[in-house]
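Topology and contacts: notes
So the chains spell out like this:
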Amino acid sequence: MAFVILILFEVNGWALNKAGRLGVIISLLGYGVYFLSKENDLIPVATNLDIHDNRKLVITAFRTLGWDVLMNTKYVVTAGPNNKKWWRGAGQTVTALIAVDVVYLNVIHGGSRRGRSAFYYGSNQRKLKRALAAIKSAQQLQTKKA
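Cut-offs and rules
- Residues numbered from 1 in each chain as written.
- Predicted model: local features only at pLDDT ≥ 70, side-chain atom pairs only at ≥ 80, totals over all residues.
- Heavy atoms only, no water.
- Core = buried A, V, L, I, M, F, W, Y, C linked by side-chain atoms within 4.5 Å.
- Buried < 20%, exposed > 50% of the residue type's maximum accessible area, 1.4 Å probe, protein only.
- Helix = DSSP H or I, 4+ residues; strand = E, 2+ residues; numbered from the N terminus.
- Contact = heavy atoms within 4.5 Å.
- Pairing = 2+ DSSP bridges.
- Salt bridge = Lys/Arg side-chain N within 4 Å of Asp/Glu carboxyl O.
- Expected span 1.5 Å × (residues − 1).
- pLDDT = per-residue confidence, 0-100.

Some details on the nonpolar core
If you look at the biggest cluster of nonpolar residues, it comprises 24 residues, and the most contacted ones within it are V58, F62 and L105. If you list the elements that add at least two residues to this core, you get helix 3 (51-64), strand 3 (76-81), strand 4 (92-99), strand 5 (102-109) and helix 4 (123-145). Ignoring sequence-local partners within four residues, the contact set of L105 consists of D41, L42, I43, V45, F62, V94, T95, A96, L128, A131, L132 and I135.

Here you go:
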């Protein structure tokens, strides 16, 4: 990424001295480190349900989105996109930690054999928003049934 920015500066004729180039590289490295430090943050979703109902709620929401449930234990549900492509190992994984009255969500990109990028241009946030909306929708349906 730093290399691309430096090339853009050169192509457009903007002069960057050695200190400017170093500044661009350090800024982008700092940006990457910041996103790596934030990727494990959990987003709490209040549900006011017990553990069993929270797990059912999360599984229903993930399946509504067309995601495969990869792991389903008492306290953890993990899902991923339902694509059977060769690059699936490098896709996003949604993890829900189940507790009483709350579900904690996180979306993270898996790496491939070549490694992975520190940030994904908002695709993790978009998937997290879809998961949050699906959970709230499933919760409303569950409330109407009760």
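Continuing now.
Remarks on the side chain of K127
Along the polypeptide, K127 turns up in helix 4. In this structure K127 touches W67, P81, Q92, V94 and V107, once residues within four positions along its chain are discounted.

Regarding the pairing of strand 4
Residues Q92, V94, A96 and I98 line the buried face of strand 4, whereas the alternating positions T93, T95, L97 and A99 sit on a face that is not buried. Looking at chain direction, strand 3 and strand 4 are connected through four bridges and run antiparallel. Across the sheet, T78 pairs through a bridge with T95, a residue of strand 4.

Overview of the pattern of salt bridges
Enumeration over the complete set of coordinates arrives at one salt bridge. Two residues, D53 and K56, come together in a salt bridge whose shortest N-O distance is 4.0 Å. Note that D53 and K56 are positioned in helix 3 at a spacing of three residues, about one turn of the helix.

Looking at the side chain of T47
Looking at the secondary structure, you find T47 in the loop between strand 1 (43-46) and helix 3. Here T47 falls in the buried class, since its relative accessible area comes to 3%. Not counting residues within four places of it along the chain, the set of residues in contact with T47 comprises N54, L57, D101, V102, V103 and Q139.

Some thoughts on unusual backbone geometry
Here the phi dihedral of N48 falls at roughly 60 degrees; this positive angle occurs in a residue that is not glycine. The topology assignment puts N48 in the loop between strand 1 and helix 3. A relative accessible area of 65% means that N48 is categorised as exposed. One non-glycine residue, D101, adopts positive backbone phi at about 70 degrees. Mapped onto the secondary structure, D101 falls in the loop between strand 4 and strand 5.

Side note on helix 3
Taking 1.5 Å per residue, 14 residues should reach 20 Å; helix 3 reaches 20 Å between its end C-alpha atoms and fits that length. Residues I51, N54, L57, V58, I59, A61 and F62 constitute the buried set of helix 3. A positive backbone phi angle near 85 degrees is found at G66, which sits one or two residues after helix 3.

What about the environment of P81?
Topologically, P81 is positioned in strand 3. Spatially, the C-alpha atom of P81 lies 7.0 Å from that of G66, the residues being 15 residues apart in sequence.

What to know about the confidence of the model for the protein
For the protein, mean pLDDT is 76; residues scoring 70 or higher make up 64% of the total. By mean pLDDT, helix 1 (residues 2-11) is the weakest element of the protein at 59, and helix 3 is the strongest at 92.

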